[in-house]
Amino acid sequence: MIDGFRLDGRRALVTGASRGIGRSIAEAFAEAGADVALAARTVPDLEMVAEAVEAHGCRAVVLPLDVRDVASVEKAVAKATEALGGLDILVNNAGVYFHATVAELTPEEFQLVIDVNLRAAVFAMQAARPLMRDSGGGVVINISSVAAEKGTPNVYGASKAALESFTRGADRDWALDNIRCVAIAPGMIDTDMEAEVMADPARIDPVIASTARRRVAQPGEVAAAAVYLASQSADFVSGAVLNVDGGRSANY
Ligand code: NAP
């Protein structure tokens, strides 16, 4: 049964693979046996992740990419597929958070959050579909957030709610090509994105108090869920959103 969790020979593309959750997912995929294409803007960080992937005996491809540029996203999907000889797994993880409230929000910030958190994922999926179909099927994992369900006083939660809705809708249609579309909704994870919040007791303490597990999580705890969802063991998990939030969505 445990072999069903392995990803030997699978070919994955992970966006936002330079640090945080994306880096952890890329390394966990390699530990499970997958070759991984790594996309983000910070090439030296991607090269370090590539070394970690290769240390597991898997192939790594570094793809410099700003996901705000849709044409580059499409090219990155094509390049990953060409370099790895096919595409079985796409993880749309690159994301941005803006702490500005609605009152402070500018049209530029609105656009940035929507472009990175939603538009990039949609067009990466569009580009990946025929390539995954040619590979016999695949899995798309979109990294959402507990904020999709609970909302945030800015546009971040709305961008993630839209991403979850798109994931469910695509899953119904893409099943025709043997492609599962799923999402992971993390709670508070110890990464650069939340460093400011975590350093401020007035902001982090209420979050921990509203988390059943009474702690934040490490990126590897999200990566473990990604390995499962990408694997054959999750073949019947389709159109689903998996909360990895320590009980936060159930508790506040
Ligand atoms: P992070 O440490 O800030 O990492 C963000 C990643 O996204 C980096 O690899 C960054 O790479 C990449 N990225 C950002 N803008 C990009 C762009 N324009 N083009 C290409 N890559 C871009 O954040 P994280 O916490 O790991 O977040 C990963 C995902 O999890 C995000 O979707 C986030 O919304 C979600 N999430 C995080 C938490 C949390 O508590 N941390 C909770 C719920 C959901 P470069 O800067 O090198 O481009």
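As a reminder, the structure under discussion sits directly above these lines.
Only a predicted model underlies this, so the values are computations on that prediction, with no experimental measurement involved.

The rules we used
- For every chain, the first residue of its written sequence is number 1, and the numbers climb from 1 along that sequence.
- Owing to the predicted nature of the model, reporting of local features is limited to residues with pLDDT of at least 70; listing and counting of side-chain atom pairs is limited to 80 or more, with chain, interface and lining totals taken over all residues.
- Note: side-chain values were computed over all heavy atoms of the structure, leaving out hydrogens and water.
- Strands are runs of DSSP state E lasting at least two residues, helices are runs of H or I lasting at least four, and both sets are numbered from the N terminus onward.
- Only protein chains enter the accessibility calculation, which uses a 1.4 Å probe; a residue is then buried when its area is under 20% of its type maximum, exposed when over 50%, and partly exposed in between.
- Residue contacts are defined here by distance: any two heavy atoms, one from each residue, within 4.5 Å place the two residues in contact.
- Residue-level accessible areas treat just the shown protein chains as cover; the underlying method is Shrake-Rupley with a 1.4 Å probe.
- For the charge count, each Lys or Arg is scored as positive and each Asp or Glu as negative, with His and the chain ends excluded.
- To locate a charge, take NZ of a lysine, CZ of an arginine, CG of an aspartate or CD of a glutamate.
- Every case where a carboxyl oxygen of Asp or Glu lies within 4 Å of a side-chain nitrogen of Lys or Arg is listed as a salt bridge.
- Given a helix with a known number of residues, its expected span is that number minus one, times 1.5 Å.
- The arc in question is the one spanned by the directions pointing from the helix axis to the C-beta atoms.
- Polar contacts, as used here, are pairs of N or O atoms within 3.5 Å; protein pairs need one atom able to donate a hydrogen and one able to accept it. Residues neighboring in sequence count only if both atoms are side-chain atoms.
- Only the contacting stretch of a helix is used when fitting its axis, a line to C-alpha atoms as for every element, and angles between N-to-C directions run 0 to 180 degrees.
- Put simply, angles under 35 degrees are roughly parallel, angles over 145 are roughly antiparallel, angles from 65 to 115 are roughly perpendicular, and the rest are oblique.
- In this scheme, a crossing is called left-handed if the near helix is turned counterclockwise away from the far one by less than a right angle; it is called right-handed if the turn is clockwise.
- What makes a residue near a molecule or strand is one non-hydrogen atom of that residue sitting within 4 Å of it.
- For this classification, Asp, Glu, Lys and Arg are treated as charged, while Ala, Val, Leu, Ile, Met, Phe, Trp, Tyr, Cys and Pro are nonpolar and the rest, including Gly, are polar.
- Residues belong to one nonpolar core when they are buried, are Ala, Val, Leu, Ile, Met, Phe, Trp, Tyr or Cys, and are joined through side-chain atoms within 4.5 Å.

Across its full length, the chain holds 10 helices and seven strands. With the C-alpha coordinates of the chain rotated into their principal frame, the extents come out at 50 × 40 × 40 Å. Classification of the 252 residues of the chain by burial places 51% in the buried group. Looking at the chain alone, contacts between residues at least 24 apart form 73% of all its contacts between residues at least 6 apart. For the chain, the accessible area works out to roughly 11,100 Å², and carbon and sulfur atoms hold 53% of it. The positive charge centre, built from 23 side chains, and the negative charge centre, built from 33, are 3 Å apart in the chain.

Turning next to the pattern of salt bridges. Enumeration according to the criterion identifies 14 salt bridges in this entry. Salt-bridge contacts for Asp-177 lead to Arg-129; the nearest nitrogen and oxygen are separated by 2.7 Å. Pair noted here: Asp-177 is in the loop between α6 (156–174) and β6 (179–186) and Arg-129 is in helix α4 (residues 107–134), with a separation of 48 residues, a long-range link. For Asp-177, a relative accessible area of 14% corresponds to the buried category. Overall, Arg-129 belongs to the buried group, its relative accessible area being 17%.

Right, let's get into α6. Given a rise of 1.5 Å per residue, 19 residues ought to cover 27 Å, and the 26 Å separating the end C-alpha atoms of α6 matches this to within 8%. Considered for burial, the residues of α6 that qualify are Tyr-156, Gly-157, Ser-159, Lys-160, Leu-163, Glu-164, Thr-167, Ala-170, Asp-171 and Trp-174. Each buried residue of α6 lies within a common arc of 160° when the element is viewed along its axis, so the set occupies one face. Where α6 is buried, its residues meet α4, β5 (138–143), α5 (147–150), β6 and β7 (241–244).

Within the secondary structure, Arg-119 sits in helix α4. For the pair formed by Arg-119 and Leu-163, sequence separation is 44 residues and the distance between their alpha carbons is 8.8 Å. Discounting residues that sit within four places of it in the chain, Arg-119 has contacts with Arg-68, Val-70 and Ile-114. Separated by 2.8 Å, the side chain of Arg-119 and the backbone oxygen of Arg-68 make a polar contact.

In this section: the packing of α4 against α6. For any two helices packed against each other, the geometry comes down to the angle between their axes and how far apart the axes lie. One way to put it is that α4 packs onto α6 with a least axis distance of 8 Å and a crossing angle of 15°. The angle between the axes of α4 and α6 places the two elements in the roughly parallel class. Crossing geometry of α4 relative to α6 is assigned as right-handed. Here Val-113, Ile-114, Asn-117, Leu-118, Ala-121, Val-122, Met-125, Gln-126 and Arg-129 of α4 lie close against α6, whose contacting residues are Tyr-156, Ser-159, Lys-160, Ala-162, Leu-163, Phe-166, Ala-170, Asp-173 and Trp-174.

This part covers the site of the ligand. For the ligand, the set of nearby residues contains 30 residues, the closest of which are Arg-19, Arg-41, Thr-42, Tyr-156 and Thr-191. Measuring from an oxygen atom of the ligand, one finds a side-chain N or O atom of Arg-41 at 2.6 Å. Between the ligand and the protein, one listed contact pairs an oxygen atom with a side-chain N or O atom of Lys-160 at 2.9 Å. Classifying every residue of the shell around the ligand gives 13 nonpolar, 10 polar and seven charged.

With respect to the helices and strands, the residue Asp-171 is situated in helix α6. A polar side-chain atom of Asp-171 sits 2.9 Å from a polar atom in the side chain of Ser-238. At 3.1 Å, the side chain of Asp-171 forms a polar contact with the backbone nitrogen of Gly-239. In contact with Asp-171, not counting residues within four places along its chain, are Ile-179, Arg-180, Cys-181, Ser-238 and Gly-239.

Here we come to the nonpolar core. Counting residues in hydrophobic clusters, the biggest one holds 38 residues, and the most contacted among them are Ile-25, Phe-29, Leu-38, Ile-141 and Ile-184. Looking at this core, the elements with two or more residues in it are β1 (11–15), α1 (20–31), β2 (35–40), α2 (43–55), β4 (89–92), β5, β6 and α9 (219–230). Per-element tally for this core: the top contributor is α9, with seven residues. With near-sequence residues (within four places) excluded, Ile-141 lies in contact with Phe-29, Leu-90, Val-91, Asn-92, Val-182, Ile-184, Ala-226, Leu-229 and Ala-230. In terms of nonpolar packing, the next biggest core, distinct from the first, is built from 27 residues, Ala-80, Ala-120, Trp-174 and Ile-179 among them.

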